[in-house]
Amino acid sequence: MKKKIIVRLPKKIKKPLLKKATRLNLEETIRQQSDELISRSGQLKQGAVREKQGAAREKLGADREKLGADREKLGADREKIAEEQILIQTKAMESASDGIFIIDARRHNFLIIYANLSFQTITGYTKKEIIGQNYFLIYGPAADLRVIDEIKQTISRGESFHGEMLNFRKNGDKFWSLLRIAPVRDKKGNITHYVGIQTDTTLMKQRNFEIEEQREELLHVTRVGKLAEFVSSLAHEISQPLTAILSYAQAAQRMLKDREPQVQEILGYIVNDDQRAAEVIRRLRYLLKKTKPAFELLDINIIINDTVSLIMPQILAKGKIIKFELEKNLPLVNGDRIQLQQVILNLISNSLEAMEVDPGSHELIIRTTRKDNNTVMVQVKDTGCGIPEENMKKLFTHFFTSKPDGLGMGLSISRSIVEAHGGHLEAVNNPDRGATFYFSLPINMQNES
Amino acid sequence: MPANIYIVDDDESVCRALKTLLMTYDFEVKTFNSAQAFFDSVSNNEPGCLLLDIHMPGIDGWETQRRILDSGSKRHVIFISAEKKDDATARAIKVGAVGFLQKPVNGQSLVDLINLASKN
């Protein structure tokens, strides 16, 4: 860093003014002073650098301090967020309408270490009674031991259990529980806990049961209706030859008046048996006499919704979709609820059967519209195989069917029901594919103001 | 002078049997398988009692009676049907018919009703 400085005095002042020795001394002195000067200036420079360095160091220190504080703040924030998250999760678990519980898996007796509010509500036990209790004892002594055993085995293997079982509340009431239990593992993969969700499906089961009952009822009504209609048609068809037989026999009786007593006797038997057969039919007809339809004011859209919910399982099972295009605020119609349901059900199941053959056709549309001032219209439009032109005319006649196991009564009964309501039931093939069945119903005028 | 009887029933066997029976009572009987066939060959002012089936394809019994009434004809009509609704007789009389008989028809009851009609 330090440079060697050479000092030379000018020759002019060397010779005349100074002796050689003095000159040398002087030169030396100057050199020393310069050296000192230079070294001092160097020191001065170094001081400035040091000063700068010091300032930088100080800044670095401050920055570090700030970073530390920031880190601390970040840590605190993180902690706060984590706390909030735990709080939200706990709150969410407490608010869930399903019963949620956690079992300690490291002990052998399935101790419950957490149970949310719904779990308490569903089981009827208090938190105190639940926490620390063996989970399976909560089920009540009457619970199915085989199911309990299956649950224990499944979760002990580290698999999730999913199933439905009958449980008992604290007060002994039965309830259906849809149960899902899954293992919780630590970082090493060891099962530490089981987390379970249980849903009280009692109401759902009841509702399904009611739907099932309604469907059965409707099916029964339909069957009875079909039978009545069938018997009526049969009776009519049999009455014709019975009429002819009776008339022939009575004509022969008159022709043989006072002759051929043995033949007369036989003709008498024919007449009697003919009248006996006629009586059987009359009684049968009386037995199956349709009960008078119970007319009431109905919202056809509600009837459609109710009916579709009855047949929904079949629609889904066949992989079909049903679309609703129901006009809002339709005026009410005067009709028999069960009978109209029967018509709609019949049209939907026909459509489903028409679409069954072709997996590519799966859309069914139910549409209601106000046709004019006096009429509402219901359409059931499918994307099925359609109706061959030659069948169009026979479609609504008794005993006509295109199904191998059909009775040929559904559409004819449907038409007579619609006509009894003052409407019309018709069918038309769609321009693209499938067919549309549509019926009109007169609007209740007293209601319409 | 035996009265003319017209029978309109879509069942051919019923027509033939009733005709056979009524002929033993010395009636002149003509049968038709549809109301249209009857209108086509018998004019409304030709005398004779009509035995009219109710359930028929095409023009049914009630409609046939309405057309007869609308034409101003005074023809006596007796409805016959396999199905008997509670108010069938009342409804038959209300629309101007002589009466209603349920199939299978007893010969004597039928003839009694025909005779009653021709007396009026």
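In what follows, the structure referred to is the one given above.
Residues numbered from 1 in each chain as written. Chains lettered and ligands numbered in written order. Predicted model: local features only at pLDDT ≥ 70, side-chain atom pairs only at ≥ 80, totals over all residues.

**Focus on the sheet that holds strand 1 (residues 4–8) of chain B**
All names here are of chain B. The condition is simple: Pairing between strands is defined by DSSP: at least two bridges between the two strands are required. Elements are defined by DSSP. Helices are runs of H or I of four residues or more, strands are runs of E of two residues or more, and each kind is numbered from the N terminus. What counts as an axis is a line fitted to C-alpha atoms, over the stretch in contact for a helix, and the angles between N-to-C directions run from 0 to 180 degrees. We call two residues in contact if the C-beta atoms placed from their backbones are at most 7 Å apart.
Across the sheet, which stays open at both edges, the five strands sit in the order 2-1-3-4-5 with parallel pairing between neighbours. If you trace the sheet from one side to the other, it starts and ends with strand 2 (28–32) and strand 5 (99–102), each paired once. Here the strands of the sheet are splayed against their neighbours by 20° on average, with no regard to which way each runs. Two elements, strand 1 and strand 2, share five bridges in a ladder whose sense is parallel. Bridge pairing in strand 2 places Tyr6 opposite Lys30. Sheet contacts for helix 1 (residues 12–23): strand 1, strand 2 and strand 3 (49–53); angle to strand 2, the most-contacted strand, approximately 175°. Sheet contacts for helix 5 (residues 107–119): strand 1, strand 3, strand 4 (77–81) and strand 5; angle to strand 5, the most-contacted strand, approximately 170°.

**Overview of the sheet that holds strand 4 (residues 174–185) of chain A**
All names here are of chain A. With antiparallel pairing, the five strands of this open sheet are ordered in space as 2-1-5-4-3. A single partner strand is all that each edge strand has here, and the edge strands are strand 2 (111–115) and strand 3 (161–168). Shown here is a sheet whose adjacent strand axes are inclined to one another by a mean of 30°, direction ignored. Across the sheet, helix 5 (residues 145–156) touches strand 3, strand 4 and strand 5 (191–200), and the angle it forms with strand 3 is around 145°.

**What to know about the interface of chain B and chain A**
Interface size, as often reported, equals the accessible area lost upon joining of the parts. Applied cut-off: Under the grouping applied here, Gly and all other residues not named as nonpolar or charged are polar, the nonpolar ones being Ala, Val, Leu, Ile, Met, Phe, Trp, Tyr, Cys and Pro and the charged ones Asp, Glu, Lys and Arg.
Counting residues at the interface gives 15 residues for chain B and 18 residues for chain A. Residue contributions to the side of chain B that touches chain A peak at six residues, all from helix 1 of chain B. Classifying every residue of the side of chain B that touches chain A gives seven nonpolar, five polar and three charged.

**Quick notes on the packing of helix 8 (residues 300–317) of chain A against helix 9 (residues 337–356) of chain A**
Residue and element names in this part refer to chain A. Here is the rule we go by: Here is the rule for angles: anything less than 35 degrees is roughly parallel, anything more than 145 is roughly antiparallel, 65 through 115 is roughly perpendicular, and the remaining ranges are oblique. The hand of a helix crossing depends on one turn: near helix anticlockwise from the far one by less than a right angle means left-handed, and clockwise means right-handed.
Here helix 8 crosses helix 9 at 40°, and the two axes come no closer than 9 Å. In terms of axis orientation, helix 8 runs oblique to helix 9. In this structure, the crossing between helix 8 and helix 9 has a hand that is right-handed. In contact with Ile303, Ile304, Asp306, Thr307, Leu310, Ile311, Gln314 and Ile315 of helix 8, helix 9 contributes Arg337, Leu340, Gln341, Ile344, Leu345, Ile348, Ser349 and Leu352. When its residues are assigned to classes, the contact of helix 8 with helix 9 shows ten nonpolar, four polar and two charged.

**Brief notes about helix 5 of chain B**
Note the threshold: A helix is expected to span 1.5 Å for every residue after the first. Three exposure classes are used, all based on how many other C-beta atoms lie within 10 Å of a residue's own C-beta (placed from the backbone): buried at 20 or more, exposed at 12 or fewer, and partly exposed between those limits. What the arc measures is the spread of directions leading from the helix axis to the C-beta atoms.
Taking 1.5 Å as the rise per residue, helix 5 of chain B with 13 residues should run 18 Å; its terminal C-alpha atoms sit 18 Å apart, in good agreement. Of all the residues in helix 5 of chain B, the buried ones are Gly107, Leu110, Leu113 and Ile114 of chain B. With its buried residues spanning 135° around the axis, helix 5 of chain B presents them on a single face. In this structure, helix 5 of chain B carries Gln108, Ser109, Asp112, Asn115 and Lys119 of chain B as exposed residues pointing more than 90 degrees from its buried face. The inward-facing, buried residues of helix 5 of chain B abut helix 6 (202–255) of chain A together with strand 1, helix 1, strand 3, strand 4 and strand 5 of chain B.

These values are about where atoms sit, not about what they do.
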